[in-house]
Each structure stands twice: as C-alpha cells, then as structure tokens.
Amino acid sequence: MKRNTILSILIGILLIATACKASLAGGDSGSIALVPFSSQELGARGVVPVACNQGAPGQFDCSGLRSGQSPVFLVLLSHPATLDELMSLLLADLNLAAAPNSTGTLRGAALTWELYHFEAPLPDLGPEILRLDLALAEHDSAEQGSVVYAVALLTLPDDYDPHRALYETVLRYVSHALAPLE
Amino acid sequence: MTESAKNQTREATDPKAVRLFAPDALRGLIIVFMALDHANLLVAQKHPPGEYWGGAFPVYYDTLAFLTRVVTHFCAPGFFLLMGLGMALFARSRQERGWTQWDIIRHFLIRGGVLIALQLLVVNQVWKLSPGGWGIEIYIGVLFALGGAMILGSLLLWLKPVYLLGLTLTLLIGTELLVPDPSLWGPGMSALTLVLRLPGGIVDPEGGALLWSNYQTLHWLELVTLGLVFGHWLADDPRKAFGRAWKMGLAFLVAFLVVRTLDGFGNIRPRMGNAWIDFFNPVKYPPSIAFTLMITGVNLSLLWMFSRAGERAQRIVWPLAVFGQTPLFFYVLHLLLYIGLGHLLTPNGTSIPAMYPFWLLGLLILFPLCLGYGRFKRRQPAHSLLRFF
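Now for a description of the structure that goes with this document. (Residues numbered from 1 in each chain as written. Chains lettered and ligands numbered in written order. Predicted model: local features only at pLDDT ≥ 70, side-chain atom pairs only at ≥ 80, totals over all residues. Heavy atoms only, no water.)

Counting its secondary structure elements, chain A contains four helices and 10 strands. Along chain A, helices and strands appear, N-terminal first, in the series α-β-β-β-β-β-α-β-β-β-β-α-α-β. For chain A, the proportion of its 182 residues judged to be buried stands at 42%. Looking at chain A alone, contacts between residues at least 24 apart form 52% of all its contacts between residues at least 6 apart. For chain A, the computed accessible surface area is about 9500 Å², with 54% contributed by carbon and sulfur atoms. (Helix = DSSP H or I, 4+ residues; strand = E, 2+ residues; numbered from the N terminus. Buried < 20%, exposed > 50% of the residue type's maximum accessible area, 1.4 Å probe, protein only. Contact = heavy atoms within 4.5 Å. Areas by Shrake-Rupley, 256 points an atom, 1.4 Å probe, with all protein chains shown as cover.)

Set out below in structure tokens:
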C-alpha cells in the first residue's frame, strides 16, 4: 500500500510538471489587489490597483502592475458634457475622423459604460503609437447636469497582448466600481 | 459491517479507543489545501493579499490563480469546526474513563495555551524565514485563534446541543455586527482591537508591521460551537449525525447563494464585480456570513461524503487521514519544508502552475514523517504533551 501510494504521487508530480509548461507569461500572479479611493476633484469614488501610483489627480502610473519595462497608465476623469460632446473632443485631440465602434457595454455598480479601443499617437506623448482602452459613461445629476466619466488605460500595443487578461481586468473592475460622489 | 464500524479506525495501542475516519480524512484534506496556500506564498511567491473587511481586496484575471486560492479557504473554518467536534468527542471519551469536568477543562486550557505559545514563540519565528520576506513583528495567526477558541470552547462543553446551536447563530450574526464600514479601514486601531475584534495591523513607517492580526478568536468561535454540536451528535449516533451534516451543509450552501446574491448584510463589503469569480470571493478576514456559509456548507458535505466511504474508498483516501491525525506536527514541519524548498529552488518565486509539483513534492516528503509520528504519538500516555501534535 505504501509503495503504491508513493508511486502514484511520483507519477502525479511528473504529469503535473509536464503540464506546467503552459504557465502564465512572465510568471504573472493572476491576481491584483484593488484599493478604494475617493476624489473630490473627480467627483467620484471607486477602486484602483494598489500597484498604481497617483501623480496628478486621476492619473496613475501602473507600470508596477507586472514585470517588464513598458509604461502603463490609468487615467480617470470627469467632464461636464454629454458623451457625444466628449467623443468629439477626443477625436479632435487624436486627429481621428470618426469614432470607432463600441466594443461592448459594461454594467457597473453605479454607471453603464460604453467600451472603445483606439491605437494612435497621443498628443504630448511623442510620435509613438499607444493603445488606448476607454470606458465612457454619462451621468445626469440635478446639480451638474450631464457629466461624462472616463476610465482610460494606456499601453504599448506590443505589450498589450501578452498581458491582455490583466489589462482587461483592470479596466473592467475600475469601471465597475467608479461612482459619482453623492 | 455496520455504519458506525465502517467509519471507525482502531487506535494502535488502545483496543478500546477508536477514531472516526471522516473527521480525520476531512482534516487531512484541508491540511493538504493549506499546504497549497503556503506553497503559493513560499515557493511561487504569488499569494494574493487577504480578503479583508476594508482596504485592498484581491481580484483575479486567471482562473487557476483563483481556484488555487479558493480551495484553501476550506482550511481555517474546517480547523475550527473539527476542533470543536474533536473537543466534544474527547470530553465524552475521557468522562467515560473517569476524568472530571475540571480535568477536561484543565486539559484544554493547557492545550490552548500551547497553541498560543507555539504561534508566538515558534511559528512567528519560522514565518520570518520566508523567501519573499515577512516584515511582521508579532503575528496573530490561526494557531493563536485556535488556542483561544479551545480555551473558550472548553467552558461550553457541557451545554446542550440546542443551546450551542443558538450560540452559533448568535455569534454568526453578532460578530458581523461588530465589523465597521469598510471605509474606516486604516491606521489607528489599537492592539487590543486587532487581537480581539478586527483584522488589520499596526504598520511601521518602513512598510513592515509591528503587529498584524488575521484571526480573532471571537469571529471564529461560532465554528467551534457548531463543531461541539456535531461532536455531541456523533458521540450519540454517528449515522444520524453524518446525515445531519449533509442536510445542514446543503442548507448552508442555499443560504450562501441567497446572501451572496443579495450582496447586502452578511457580505461585509459588496462584491468587487459581476464575474462568477467575484461571487465566490467573499470577505474572509473576519469571516463574513457568506464566507462561513459557503465554506462550512462544503466542509459539512465533505464530512458526510467521507462518512459514506466504504473500505475501498477509505484505502484510497487513507493518506489524508494520516495527515489529519497529526495536524500540528504537519503544520510546523510543512512551513519549514516549503521555506526550505523556496530558498533552495525558487528564491525569486515561480509561476503558479510551476508551483504545483513543489507542493506535491512537499506532501510526498511529509507523508512518511506524519505516518511515523502518528504511530509514535499513539504510543504516548494520555497526558503526554506529544499527543497534542
């Protein structure tokens, strides 16, 4: 009995060791820690990854999210406008003729988000093409009228695919939790 | 073979002493999962942060990472439940041998004290050897709370099961009312609050912690009182008791689905998202009602399943019972072993899939040691300190 048990465990180790080749890229942990935040400047509260360091209000350097040197930025903003007005401003900034189609909708805890993705050189950040994953939600309040909330994740296109699950998760959870301050 | 005989294994040296197979097998299973959690921390260095009542909360973008964490949730609640169950069975058997109530209480006071001392004097020093760093001066971990719960539980041993059930329900709901709003998480909690009431820590300016507390006796006592109930039921009629475990386990799981779906009281903080992983990722520190219902529902169902194991199935899962009969010995040794494996083979960590063979390797090494120690401790006299391990 004892010999059979030990043999079984040994075979199990060999089998699992073989299967281990299909591991996550870069040895990512598969999890991120989200921490609550609240900002009077944005007029919003929500969560952001612990690994993201805030520079200016709503602007986070998230390069520490995973191993590697590529920059990753998370930008949260609110703007008194309608969704169409904000999109027009954005297209002008990015020198794009037309808005891309929405890639989906996300129902958050407080807001419903339209999701987009662009690849373009961004103003003030040099000629390098960046990937911009964007979530936009419009909220009407009696005090402020229409306000658009935006969650944007900026990455290098080559860096996106190896960490796609991580980046999608960040955008999804941050958008899900973002809510206007009452 | 009768039902009760099927679920019992005879002790080596005392022909009158029998052990129930199902609690040992369940304890062994959760010990194996605990080793996985610690291999994740010490070998892979990919352990997610804890699921606390406030502050940071983990979310997952890899299913394996989540499953690796969630199966280890069965450990702490299982330990407390089975400790209560074992205490009641122990008290009954010792009373039959002529021990007085005071003899039994004194035994548990000493045993609980040993667990607390082991946490503070030995295990905390071992944690400081972690390959990824530790940075906590005084850690209030699971052994501390188990010791405290054993001491308190010893005073409740002679309550009737119906009163113990009432106390369990009171503690389940009452302790959740002690948890403040998650927005109040942060510095400023006193050491007494951290030890008695709320998980968290006193963090020093360099990023370490002077004190960190994950397990408060009061929050976990409800599982000991539930375990006491099952211990009494098992002593009276094992077949009926295991049947109740299945029914109660199912009821707990249904209640979990309701509490989690409503996402209000019983969850301590709202779900982080709408994915299925978020549904099964409740607050553990302290154990929310949702967490306790989910995990204890599964643990009770597993207890029933192990009780139904025939001779052939018992032979297959017998290694679990070997681990389950030497839990404290396993606990101390497995920490040292995985710390050693981490330092020697993966000093900078590794991926979670690559950690699995190391976890199994650890179990393979620990198995003969636990088997040998189990035989050794059964030869010790009833009062021997070595039997505590």
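With that settled, consider the nonpolar core. Phe80, Phe323, Phe330, Tyr338, Met355, Trp359 and Leu363 of chain B are the most contacted members of the largest nonpolar core, which totals 118 residues. The leading source of residues in this core is helix H2 (residues 21-44) of chain B, at 16 residues. In this structure, Phe80 of chain B is in contact with Val142, Ala145, Leu146, Ala149, Trp220, Leu223 and Val224 of chain B, ignoring residues within four places of it in sequence. Listed in part, the 47 residues of the second largest apolar core include Leu42, Val47, Val48 and Leu74 of chain A. (Core = buried A, V, L, I, M, F, W, Y, C linked by side-chain atoms within 4.5 Å.)

So, on to the packing of aromatic side chains. All told, the structure shown has 29 aromatic pairs over all chains when counted by the stated rule. Connected via pairs of aromatic rings, a cluster forms that spans Tyr52, Trp53, Phe80, Trp185, Trp212, Tyr215, Trp220, Tyr285 and Phe291 of chain B. We note Arg131 of chain A situated over the ring of Tyr160 of chain A; from NZ or CZ to the ring centre the distance is 3.6 Å. Sitting above the plane of the Trp233 of chain B ring, Arg244 of chain B keeps its charged end 4.4 Å from the centroid. (Phe/Tyr/Trp six-rings, centres within 6.5 Å; stacked < 30°, edge-to-face > 60°. Lys NZ or Arg CZ within 6 Å of the ring centre and 35° of its normal.)

Take the state of the cysteines next. When the sulfur atoms of two cysteines share a covalent bond, that bond is a disulfide. Evaluated as defined, the whole model comprises one disulfide over all chains. Between the sulfur atoms of Cys52 of chain A and its disulfide mate Cys62 of chain A the distance is 2.1 Å. Of note, the bridge from Cys52 of chain A to Cys62 of chain A carries an S-S torsion of about 115 degrees and is right-handed in sense. Residue Cys52 of chain A is found in the loop between strand E2 (44-49) and strand E3 (53-54), and its partner Cys62 of chain A is found in the loop between strand E4 (59-61) and strand E5 (73-79); the two are separated by 10 residues along the sequence. Residue classification places Cys52 of chain A among the buried residues on the basis of a relative accessible area of 7%. With no disulfide of its own, Cys75 of chain B lies closest to Cys370 of chain B among cysteine sulfurs, the gap being 15 Å. (Disulfide = S-S within 2.5 Å.)

This part takes up the pattern of salt bridges. Counted according to the given criterion, the structure contains 10 salt bridges over all chains. As a salt-bridge pair, Arg66 of chain A and Asp159 of chain A come within 2.8 Å of each other at their nearest N and O atoms. A residue pair is termed long-range when its members are at least 10 positions apart, and Arg66 of chain A in the loop between E4 and E5 and Asp159 of chain A in helix H3 (residues 157-160) qualify at 93 residues. Of the two residues, Arg66 of chain A and Asp159 of chain A, neither departs from the other in class, the shared state being buried. Between Asp103 of chain B and Arg106 of chain B there is a salt bridge, with the nearest N and O atoms lying 3.4 Å from each other. Here the residue Asp103 of chain B and the residue Arg106 of chain B both occupy positions in helix H5 (residues 101-127), the gap between them amounting to three residues, near one helical turn. The exposure class assigned to Arg106 of chain B is partly exposed, which follows from its relative accessible area of 38%. (Salt bridge = Lys/Arg side-chain N within 4 Å of Asp/Glu carboxyl O.)

Think of a sheet as strands paired side by side through backbone hydrogen bonds, with each pair either parallel or antiparallel. Across the sheet, which stays open at both edges, the four strands sit in the order E10(A)-E2(A)-E1(A)-E3(B) with antiparallel pairing between neighbours. What marks the edges here is a single partner per strand, and that holds for strand E10 (179-180) of chain A together with strand E3 (57-60) of chain B. Where strand E1 (residues 31-39) of chain A meets E3 of chain B, four bridges bridge the pair, whose relative direction is antiparallel. Looking at E3 of chain B, one finds that Ile32 of chain A is bridged to Val59 of chain B. (Pairing = 2+ DSSP bridges.)

With omega at -5 degrees, the peptide bond leading from Tyr285 of chain B into Pro286 of chain B counts as cis. For Asn95 of chain A, which is not a glycine, the phi torsion comes out positive at approximately 55 degrees. Secondary-structure assignment places Asn95 of chain A in the loop between helix H2 (83-94) and strand E6 (104-107). Its relative accessible area of 70% is what places Asn95 of chain A among the exposed residues. Despite not being glycine, Asp263 of chain B shows a phi value in the positive range, around 60 degrees. Structurally, the position occupied by Asp263 of chain B is in the loop between helix H10 (238-262) and helix H11 (276-279). Exposure remark for Asp263 of chain B: the relative accessible area of 24% places this residue in the partly exposed category.

Bringing a negative patch on the surface into the picture now. Residue and element names in this part refer to chain A. A contiguous patch of negative charge, built from Asp84, Glu85, Glu138 and Asp140, is present on the exposed surface. Put simply, the parts of the chain that give the negative patch at least two residues each are H2 and strand E8 (129-141). The topology assignment puts Glu138 in strand E8. (Patch = residues over 30% accessible without salt bridge, like charges linked within 9 Å, V, L, I, M, F, W, Y side chains within 5 Å. Lys, Arg positive; Asp, Glu negative; His and termini not counted. Charge placed at Lys NZ, Arg CZ, Asp CG, Glu CD.)

This brings us to the packing of H5 of chain B against helix H15 (residues 327-345) of chain B. Residue and element names in this part refer to chain B. The interhelical angle for the contact between H5 and H15, taken along N-to-C directions, is 10 degrees, at an axis separation of 10 Å. Classified by the angle between their axes, H5 and H15 sit roughly parallel to one another. On the side of H5, the interface is formed by Leu115, Leu118, Val123, Val126 and Trp127, while H15 contributes Leu328, Tyr331, Val332, Leu335, Leu336 and Ile339. Class assignment of the residues belonging to the contact of H5 with H15 gives a composition of 11 nonpolar, no polar and no charged. (Axes fitted to C-alpha atoms, helices over the stretch in contact; angles between N-to-C directions. Parallel < 35°, antiparallel > 145°, perpendicular 65-115°, else oblique. Nonpolar A, V, L, I, M, F, W, Y, C, P; charged D, E, K, R; others polar.)

All names here are of chain A. Among the structural elements, Arg131 can be located in strand E8. Given the relative accessible area of 9%, Arg131 is considered buried. Separated by 2.8 Å, the side chains of Arg131 and Asp133 make a polar contact. Not counting residues up to four positions away in its chain, the partners in contact with Arg131 are His117, Phe118, Glu119, Leu153, Leu154, Thr155, Pro157 and Tyr160. (Polar contact = N/O pair within 3.5 Å; in protein donor to acceptor, adjacent residues only side chain to side chain.)

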